[in-house]
Amino acid sequence: MVNIENDMNQTRVRQHDVKLMKKAEQFITVSYRELGKSEKEMKRRLNEIRWEVEQTGTYSHTYEELSYGAKMAWRHSNRCIGRLFWQSLHVIDAREAVTEEEVFSYLFHHIEVATNGGKIRPTITIFRPNGEVRIWNHQLIRYAGYETEEGIIGDSSSLTFTRACEQLGWKGEKTPFDVLPLVIQVGGQKPVWTPIPKELVLEVPIEHPEFPWFRDLQLKWYAVPIISDMCLEIGGIRYMAAPFNGWYMGTEIGARNFADDYRYNMLPKVASCMGLDTNSNASLWKDKALVELNIAVLYSYKKAGVSIVDHHTAARQFQLFEQQEKAAGRHVTGDWTWLIPPLSPATTHIFHRTYDNTTMLPNFFYQDRPYEQQRGEEQ
């Protein structure tokens, strides 16, 4: 029985090594050619990786491979309309971080570098692979959501994570815009949390260029959307903690975060303040309120000196990306349902064409949320 189990284990190891080498070879071949490296350099590197995999069952990327792989992952992100700027991604190598303090320090650094005084810098911070570091937050900066007898206060999309933070000992002020703490796990240890220093969180108060009453709504939003719960896969290596950001497209805030009836649900309030007839859908009150809400977001961010892009400009930039990729001999993939903006999509070229939604590698992938797993185990 022992021999059979040993044979099965060895077979699984060999299968893992073969799969890993196949992905590594595909990545190294494509990336090295795009980087202008010689066939000799490519073969030498593949031999190094093969030896490392045979000895350890895995391998380590050089910084150049890590950096270019992360940029390729952005280029391959089918749901992202902002891929024109994939080559400008600032890559921070945080694989040396082994303690909780070091991980938190890198996360604070990422927020500061990405915010850049409002001139948002596309940035990714990559921690040790294979789950050695996990970040519980969906975004590094995100507002809490609370269920109360009077209804939901704050962001309803954060309800589960907010409860998880409270179970860990965090207490919010229960305002509509409480910034959640950072929650991490390092080396399989229990999760720990820390508040984000207030001076690191740049927020934009929302006002309207024509409606003075808009300030009375007391809306605001944070400057940088830093996605922190996705897995980055490069050449078969899975980086399960690799927070990344671009800058906001206005509709993400104005047509989704503020407007969705299961989020902040501001359309009825805005329409009421505008004096619109909300008794009939035929009055198009939702459409009118939605446009003004998005105007307010774009106006406020630009007034505050914070990078943002409107959906028409973003669509034009994506068209340039398509042209550049075609010129480079690369096939553009995309998820049409995500690429079309949630406001006036038919005014963009994206609405009128189709896209191949094939997943290319390297790429970012959704993964299980640790706090939801732990909740399930407790039940």
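Residues numbered from 1 in each chain as written. Predicted model: local features only at pLDDT ≥ 70, side-chain atom pairs only at ≥ 80, totals over all residues. Heavy atoms only, no water.

Q: For this particular structure, what's the right way to read the overall build of the chain?
A: Looking only at helices and strands, one finds 11 helices and 16 strands in the chain. Here the C-alpha atoms of the chain give a radius of gyration of 23 Å, agreeing with the 21 Å that 2.2 N^0.38 yields for 379 residues. Along the first, second and third principal axes, the C-alpha atoms of the chain reach 75 × 50 × 40 Å. Buried residues in the chain amount to 49% of all 379 residues. At a minimum sequence separation of 6, the contacts of the chain that also span at least 24 residues come to 66%. Working note: accessible area of the chain is about 19,100 Å², and carbon and sulfur atoms make up 51% of it. Once the 43 positive and 48 negative side-chain charges of the chain are each reduced to a mean point, those two points are 5 Å apart. (Helix = DSSP H or I, 4+ residues; strand = E, 2+ residues; numbered from the N terminus. Rg over C-alpha atoms; globule rule 2.2 N^0.38 Å. Buried < 20%, exposed > 50% of the residue type's maximum accessible area, 1.4 Å probe, protein only. Contact = heavy atoms within 4.5 Å. Areas by Shrake-Rupley, 256 points an atom, 1.4 Å probe, with all protein chains shown as cover. Lys, Arg positive; Asp, Glu negative; His and termini not counted. Charge placed at Lys NZ, Arg CZ, Asp CG, Glu CD.)

Q: Can you help me understand the sheet that holds strand 7 (residues 192-194) in this one?
A: Hydrogen bonds between backbone atoms are what pair the strands of a sheet, whose relative direction is either parallel or antiparallel. Pairing in this open sheet of three strands is antiparallel, and the strands run 3-6-7 from one edge to the other. With partners counted over all chains shown, the strands left at the sheet margins are strand 3 (133-135) and strand 7, one partner each. Averaged over all adjacent pairs, the angle separating strand axes in this sheet is 30°, with direction ignored. Relative to strand 7, strand 6 (residues 182-186) runs antiparallel, the two sharing three bridges. Residue pairing in the sheet places Ile-184 in a bridge with Val-192 of strand 7. Across the face of the sheet, helix 4 (residues 100-115) comes into contact with strand 3, strand 6 and strand 7 while running at roughly 140° to strand 6. (Pairing = 2+ DSSP bridges. Axes fitted to C-alpha atoms, helices over the stretch in contact; angles between N-to-C directions.)

Q: I tried to follow the environment of Arg-330 on my own but got confused; where do I start?
A: Along the polypeptide, Arg-330 turns up in the loop between helix 9 (311-327) and helix 10 (336-339). Filtering out sequence-adjacent residues up to four positions away, Arg-330 remains in contact with Glu-34, Arg-75, Trp-86 and Glu-325. A polar atom in the side chain of Arg-330 sits 2.7 Å from the side chain of Glu-325. (Polar contact = N/O pair within 3.5 Å; in protein donor to acceptor, adjacent residues only side chain to side chain.)

Bear in mind that shape data such as this cannot, by itself, settle questions of function.
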